[in-house]
Amino acid sequence: QMSNSSSITEFLLLAFADTQELQLLHFWLFLGIYLAALLANGLIITAIACDHRLHTPMYFFLLNLSLLDLGTISTTVPKAMANSLWDTRAISYVGCAAQVFLFLFLLSAEYFLLTVMAYDRYVAICKPLRYGTLLGSRACAHMAAAAWGTGFLYAVLHTSNTFSVPLCRGNAVDQFFCEIPQILKLACSGAYLREVGVLVVSVSFVFGCFVFIVLSYGQIFRAVLRIPSEQGQHKAFSTCLPHLTVVSLFISTATFAYLKPLSLSSPSLDLAVALLYSVVPPALNPLIYSMRNHEIKDAL
């Protein structure tokens, strides 16, 4: 038993397996997913940056999304791969704090960006004549900066709060990366009440964005159903579906990870959910966006 958090110099992450062969299997599996995510997001970033036909608000936000996805998966997966390869579980105290901060920063910035992208689709479909004025290049830059900036502030708030909580239940984190719910499990009883206040703030934030996205899509679907031609409807839906898919995947997995009751908490379930919201979206998002999208296919 550790007496307090000041004596903790490192945390122990969850080991995927107890045998060297299985450790290596996890290493190769993670390497495959990681390289796929790097390649897919890298291609999208390159295509959007190099093809002037894709210099529109929708693709500008998609470029930002790919950058955030690259960051998110690079925060958690390489460290887990290194640990599997060197057969260790350790992560330094500073490394753990950095992981929590970067992961939260990129994840929350991504959520705010997805909210902005819902607004972009709303204006494109419901107010097409004002699209150029409402979403000029300066407005787009401001919105993207606001998403990144809000994510940054949010991560500062959460990380400083989590790491100021005294820990007295050892230093073993039941996850393959440093995740706030798992670190709070090590807190002394009653010490996590401060985090509850921060959680209330974040839940209201998340809920506010969620309501905004739902309302935007309500308006979008009403507008699309009024389009007389079936071809027009199809085109409008095909630009919205990828975004809607990504949002649903993102919100459902992250909400389950952070708000599921403790009675449901088992190491294997926690692990599956963490993989679902931290590793799967960055690898899948580029596919979801480019599968139905002719402009990106042409650019590639």
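Residues numbered from 1 in each chain as written. Predicted model: local features only at pLDDT ≥ 70, side-chain atom pairs only at ≥ 80, totals over all residues. Heavy atoms only, no water.

## Details of the environment of G208
- Topologically, G208 is positioned in helix α7 (residues 193–226).
- Each C-alpha atom of the pair G208 and T115 lies 9.8 Å from the other, and the pair is 93 residues apart in sequence. (Helix = DSSP H or I, 4+ residues; strand = E, 2+ residues; numbered from the N terminus.)

## A short note on the nonpolar core
- One finds F11, F61, L62, F176, I183 and Y277 to be the most contacted residues of the largest nonpolar core, which totals 89 residues.
- Broken down by element, the residue count for this core peaks at 20 residues, all from helix α3 (residues 93–126).
- When sequence neighbours within four positions are dropped, the list of residues in contact with F61 reads L113, V116, M117, D120, L135, C140, M143 and A144. (Core = buried A, V, L, I, M, F, W, Y, C linked by side-chain atoms within 4.5 Å. Buried < 20%, exposed > 50% of the residue type's maximum accessible area, 1.4 Å probe, protein only. Contact = heavy atoms within 4.5 Å.)

## As for the state of the cysteines
- Counted according to the given criterion, the structure contains 2 disulfides.
- What pairs with C96 in a disulfide is C178, and their sulfur atoms sit 2.0 Å apart. One quick way to see it: the torsion about the S-S bond of C96 and C178 is about -120°, and its sign makes the bridge left-handed. Pair noted here: C96 is in helix α3 and C178 is in the loop between α5 (137–162) and α6 (180–184), with a separation of 82 residues, a long-range link. As far as burial versus exposure is concerned, C96 and C178 are alike and both buried.
- Linked covalently through their sulfurs, C168 and C188 form a disulfide whose S-S length is 1.9 Å. In this pair, C168 is assigned in the loop between α5 and α6 and C188 in the loop between α6 and α7, connecting sequence segments 20 residues apart.
- What makes C188 buried here is its relative accessible area of 17%. (Disulfide = S-S within 2.5 Å.)

## What to know about the layout of surface pockets
- Of the volumes computed, that of the second largest pocket is approximately 580 Å³.
- Around the second largest pocket, the lining is made up of 23 residues, and of these M58, Y59, K235, T239 and E295 lie nearest the centre.
- For the lining of the second largest pocket, the elements supplying multiple residues, two or more each, are α2 (57–86), α3, α8 (230–259), α10 (280–291) and α11 (294–299).
- No other element matches the 6 residues that α8 contributes to the lining of the second largest pocket.
- Along the lines of polarity and charge, the residues of the lining of the second largest pocket split into 11 nonpolar, 6 polar and 6 charged. (1 Å grid on protein atoms, 1.4 Å probe; cavity = no way out; pocket = protein on both sides within 12 Å on 5 of 7 lines; lining within 4 Å. Points joined across faces, edges and corners; volume = space filled by probe spheres on them. Nonpolar A, V, L, I, M, F, W, Y, C, P; charged D, E, K, R; others polar.)

## So, helix α9 (residues 267–278)
- Given a rise of 1.5 Å per residue, 12 residues ought to cover 16 Å, and the 16 Å separating the end C-alpha atoms of α9 matches this to within 8%.
- Looking only at α9, the buried set comprises D270, L271, V273, A274, Y277 and S278. For α9, the angular spread of buried residues about the axis comes to 170°, placing them on one side.
- Next to the buried residues of α9 lie α2, α3, α6, α8 and α10. (Expected span 1.5 Å × (residues − 1). Arc of directions from axis to C-beta.)

## Structural notes on the side chain of T115
- By secondary structure assignment, the location of T115 is in helix α3.
- For T115, the contacting residues outside a window of four places in its chain are C209, F212 and I213.

## Digging into the pattern of salt bridges
- For the structure shown, the criterion picks out 3 salt bridges.
- D51 is paired through a salt bridge with R53; the nearest N and O atoms lie 2.8 Å apart.
- Of the charged contacts, one joins D270 and K185 as a salt bridge, the two residues approaching to 3.5 Å between their closest N and O atoms. Linking D270 in helix α9 with K185 in the loop between α6 and α7, this pair joins segments that are 85 residues apart in sequence.
- Given the relative accessible area of 4%, D270 is considered buried.
- By relative accessible area, K185 is classed as partly exposed at 33%. (Salt bridge = Lys/Arg side-chain N within 4 Å of Asp/Glu carboxyl O.)

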